[in-house]
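Descriptive structure summary
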Amino acid sequence: LGISMTAVSEAMSLAKRLGMEAQPLTDIVNSSSGRCWSSDTYHPVPNVMENVPSSNGYDIGFSCDLMLKDLEIAINEAKRVEAQAPLGLLAAALFKSMSEKGAGKKDFSGIYQYYYQKEDLKKQRPDSENDTKDLASEGSTS
């Protein structure tokens, strides 16, 4: 769930930067193979849906810290059985960063706001190339 929320948030952020509105893109995604719970039930972009945390300041719902805990459990179990989990590692790193910035109690859909919509992304996110290498090596079992 943390992975799909991160993916939907990333897609919506990219679309915004390309000049697309969230609602029409959401309609397209939800009528295609991109549809998922994060896009059709619990959308991360404010005001796309009513009665979801993103439309209420990310103040209600399932917290970032709980999502991080669940991702860490999944990653540890993957390591225990020598399975790869690179997407889980990347999502966990993003939620950890969000939590460390003081948003751990906010809803996990706030990843859209806290990671993808900051004014200065380079200051707000890890160096993606280096983090990808580091996280991929963490998940490696060879």
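The following paragraphs examine the structure supplied in this document. In this numbering scheme, every chain counts its residues from 1 along its sequence in written order. Given that the model is predicted, a residue must reach a pLDDT of at least 70 before its local features are reported, and side-chain atom pairs must reach 80 or more before they are shown or counted; all residues, however, enter totals for whole chains, interfaces and linings. Side-chain metrics in this entry use all non-hydrogen atoms of the structure; hydrogen atoms and water are not considered.

**Quick look at the overall build of the protein chain**
Going along the chain from the N terminus, every DSSP run of H or I of four or more residues is numbered as a helix, and every run of E of two or more is numbered as a strand. Across its full length, the protein chain holds eight helices and zero strands. Starting at the N terminus, the α and β elements of the protein chain follow one another as α-α-α-α-α-α-α-α. Taking all 142 residues of the protein chain together, 38% fall into the buried category. Residues count as neighbours in contact if any of their non-hydrogen atoms are within 4.5 Å of one another. Counting only contacts in the protein chain whose residues sit at least 6 apart along the sequence, the fraction spanning at least 24 positions is 61%. The Shrake-Rupley method, run with a 1.4 Å probe, gives the accessible areas here. Residue values count only the displayed protein chains as cover. Here the protein chain displays about 8,100 Å² of accessible surface, and carbon together with sulfur accounts for 52% of that area. Only protein chains enter the calculation, and the probe is 1.4 Å; a residue is then buried if its accessible area is under 20% of its type maximum, exposed if over 50%, and partly exposed in between.

**Quick word on the side chain of Asp107**
Inspection of the secondary structure puts Asp107 in the loop between α5 (86-103) and α6 (111-116). Despite its burial, Asp107 pairs with no opposite charge, the nearest such side chain being Lys106 at 10 Å. Side-chain atoms alone can form a polar contact between residues adjacent in sequence; in general such a contact is a pair of N or O atoms within 3.5 Å, and within protein one must be able to donate a hydrogen while the other accepts it. Side chain to side chain, Asp107 and Tyr42 meet in a polar contact 2.6 Å long. Setting aside its immediate chain neighbours within four residues, Asp107 contacts Tyr42, Pro53, Tyr58, Ile60, Gly61, Phe62, Ser63, Cys64 and Met98. Just so you know, the count uses Lys and Arg for positive and Asp and Glu for negative, and it drops His and the chain ends. Only one rule defines a salt bridge in this text: a Lys or Arg side-chain nitrogen within 4 Å of an Asp or Glu carboxyl oxygen.

**Re the pattern of salt bridges**
Tallied over the entire structure, the rule returns five salt bridges. One salt bridge connects Asp59 with Lys106, and the closest N-O pair in it is separated by 2.4 Å. Residue Asp59 is found in the loop between α3 (37-40) and α4 (64-80), and its partner Lys106 is found in the loop between α5 and α6; the two are separated by 47 residues along the sequence. With a shortest N-O distance of 2.8 Å, Glu77 and Arg80 are connected by a salt bridge.

**Regarding the packing of helix α1 (residues 2-17) against α5**
Where α1 contacts α5, the two axes come as close as 9 Å, and the packing angle between them is 70 degrees. Our classification of the angle between α1 and α5 gives roughly perpendicular. Of the residues in α5, those in contact with Gly2, Ile3 and Thr6 of α1 are Leu87, Gly88, Ala91, Leu94 and Phe95. In this classification, Asp, Glu, Lys and Arg are treated as charged, Ala, Val, Leu, Ile, Met, Phe, Trp, Tyr, Cys and Pro as nonpolar, and every other residue, Gly included, as polar. Within the contact of α1 with α5, the residues separate by chemical class into five nonpolar, three polar and no charged. Each axis is a line fitted through C-alpha atoms, and for a helix only the stretch in contact is used; angles between axes span 0 to 180 degrees, taken between their N-to-C directions. If an angle is under 35 degrees, it is roughly parallel; if it is over 145, roughly antiparallel; if it lies from 65 to 115, roughly perpendicular; otherwise it is oblique.

**A few points about the packing of aromatic side chains**
Two aromatic rings from Phe, Tyr or Trp, using only the six-membered ring of Trp, form a pair when their centres are within 6.5 Å; if the ring planes differ by under 30 degrees the pair is stacked, by over 60 it is edge-to-face, and anything between is tilted. For the structure on display, the rule yields five aromatic pairs. Relative to Tyr42, the ring of Trp37 has its centre 4.6 Å away and its plane inclined at 20 degrees; by these criteria the two rings are stacked. Among the residues examined, Trp37 registers a relative accessible area of 37% and is labelled partly exposed. Counting every residue linked through ring pairs, the aromatic cluster contains Trp37, Tyr42, Phe62, Phe95 and Phe108.

**Considerations on unusual backbone geometry**
A positive phi is found at Asn47, a non-glycine position, where the angle reads about 70 degrees. Along the polypeptide, Asn47 turns up in the loop between α3 and α4.

**Description of helix α2 (residues 22-29)**
Among all positions in α2, only Ala22, Leu25, Thr26 and Val29 are buried. Taken end-on, α2 shows its buried residues confined to a sector of 105 degrees, consistent with a single buried face. Buried residues in α2 make contact with α1 and α3. The arc in question is formed by the directions pointing from the helix axis toward the C-beta atoms.

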